[in-house]
Amino acid sequence: MSPRPTTRIMSAASIGALVVTLTGCGEDAQEVDADYAQICVQQDPETGEDVRVDDDECDDDGRPRGSFVPMFLFLNAGRSFAVPPVGSPVPRSSGFTTTRPPASATVARGFAPSGTSVGRSGVSKGFGGSSSGWGS
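This structure is a prediction, so every number in the text was calculated from the model and none was measured. (Residues numbered from 1 in each chain as written. Predicted model: local features only at pLDDT ≥ 70, side-chain atom pairs only at ≥ 80, totals over all residues. Heavy atoms only, no water.)

Participant: Requested: an account of the overall build of the protein, with residues and values cited.
Facilitator: Secondary structure assignment for the protein yields one helix and nine strands. Ordered by position from the N terminus, the helices and strands of the protein form the series α-β-β-β-β-β-β-β-β-β. Buried residues in the protein amount to 32% of all 136 residues. The contacts of the protein with a sequence gap of at least 6 include a subset with a gap of at least 24, amounting to 71%. (Helix = DSSP H or I, 4+ residues; strand = E, 2+ residues; numbered from the N terminus. Buried < 20%, exposed > 50% of the residue type's maximum accessible area, 1.4 Å probe, protein only. Contact = heavy atoms within 4.5 Å.)

Participant: Describe in detail the state of the cysteines, supporting the description with residues and values.
Facilitator: On inspection of all chains with the given rule, the structure shows one disulfide. Disulfide pairing places Cys40 opposite Cys58 at an S-S distance of 2.1 Å. Here the disulfide of Cys40 and Cys58 is right-handed, its torsion about the S-S bond being about 75°. Linking Cys40 in strand S2 (residues 36-43) with Cys58 in the loop between strand S3 (50-53) and strand S4 (68-74), this pair joins segments that are 18 residues apart in sequence. Judged by relative accessible area, which is 4%, Cys58 ranks as buried. (Disulfide = S-S within 2.5 Å.)

Participant: Can you break down the sheet that holds strand S7 (residues 116-120) residue by residue, with the values?
Facilitator: The strand order S1-S7-S5 describes an open sheet built from three strands, whose pairing is mixed. Pairing within the sheet leaves two strands with one partner each, and these edge strands are strand S1 (30-32) and strand S5 (80-83). Each strand of the sheet is rotated relative to its neighbour by a mean of 35°, with strand direction disregarded. Sheet topology note: the S1/S7 ladder contains three bridges and is parallel. Paired with Val32 across the bridge in S7 is Arg120. (Pairing = 2+ DSSP bridges. Axes fitted to C-alpha atoms, helices over the stretch in contact; angles between N-to-C directions.)

Participant: Can you explain a negative patch on the surface? Please cite residues and give values.
Facilitator: Residues Asp54, Asp56, Glu57 and Asp60 make up a contiguous surface patch of negative charge. Within the secondary structure, Asp60 sits in the loop between S3 and S4. Residue class for Asp60 comes out exposed when judged on its relative accessible area of 58%. (Patch = residues over 30% accessible without salt bridge, like charges linked within 9 Å, V, L, I, M, F, W, Y side chains within 5 Å. Areas by Shrake-Rupley, 256 points an atom, 1.4 Å probe, with all protein chains shown as cover. Salt bridge = Lys/Arg side-chain N within 4 Å of Asp/Glu carboxyl O. Lys, Arg positive; Asp, Glu negative; His and termini not counted. Charge placed at Lys NZ, Arg CZ, Asp CG, Glu CD.)

Participant: Can you lay out the side chain of Gln38 for me, pointing to particular residues and giving the numbers?
Facilitator: Take Gln38: it is sitting in strand S2. Polar side-chain contacts of Gln38 include one of 3.1 Å to the side chain of Arg109. (Polar contact = N/O pair within 3.5 Å; in protein donor to acceptor, adjacent residues only side chain to side chain.)

Participant: Any chance you could break down the packing of aromatic side chains for me, citing the residues and the numbers?
Facilitator: Inspection of the entire model under this criterion finds one aromatic pair. Seen in terms of ring centroids, Tyr36 and Phe74 are 5.4 Å apart; in terms of plane orientation they differ by 65°. Their pairing is edge-to-face. Placement of Tyr36 in strand S2 and of Phe74 in strand S4 is noted, with a sequence separation of 38 residues between them. Using a relative accessible area of 40% as the deciding quantity, one classes Phe74 as partly exposed. (Phe/Tyr/Trp six-rings, centres within 6.5 Å; stacked < 30°, edge-to-face > 60°.)

Participant: An account of the nonpolar core is requested, with residue identities and associated values reported.
Facilitator: One broad trend across soluble globular proteins is that nonpolar side chains are buried collectively. One finds Val32, Ile39, Leu75, Phe96, Phe111 and Val118 to be the most contacted residues of the largest nonpolar core, which totals 15 residues. Looking at this core, the elements that each hand over two or more residues are S2, S4 and S5. In terms of residues, this core owes the most to one element, S2, which gives three residues. Those residues within four positions of Phe111 in sequence are excluded, and the remaining contacts are Gln30, Val32, Ala37, Gln38, Ile39, Arg52, Asp55, Val83, Thr116 and Val118. (Core = buried A, V, L, I, M, F, W, Y, C linked by side-chain atoms within 4.5 Å.)

Participant: Got a sec to walk through the pattern of salt bridges? Specific residues and values, please.
Facilitator: Overall, the coordinates contain two salt bridges when judged by the stated rule. Residue Arg52 is joined to Asp55 by a salt bridge in which the shortest nitrogen-to-oxygen separation is 3.3 Å. Comparing Arg52 with Asp55, the two get one shared label, buried.

If you want it as structure tokens, here you go:
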């Protein structure tokens, strides 16, 4: 006995919603033409966690300024990543790191203080040639 048509439609809709949730791709994701995203953090003295602060606290060259440290996130084509709001912790599992990107890399800055999702736009080289990038 085959499933009723309404069951198939509901299953397809559920799978689609799950894919959007798991990949982080949503309508409000911000596309950038850059290799890395940069935010500014400061260590919370009470918890020891890195907490996002206003991006103006870090200089544009990606060097620490006092207790404020830039963090970078490599942007893979085809995937979006969460940028936490100012005042929120930046967990190690977020992908952000203090390792500076290569000098040849492009870096996007100035993300919304309220937080956002960010993904790489454009075309990237994949296995066997080039393929369309995130959001294309």
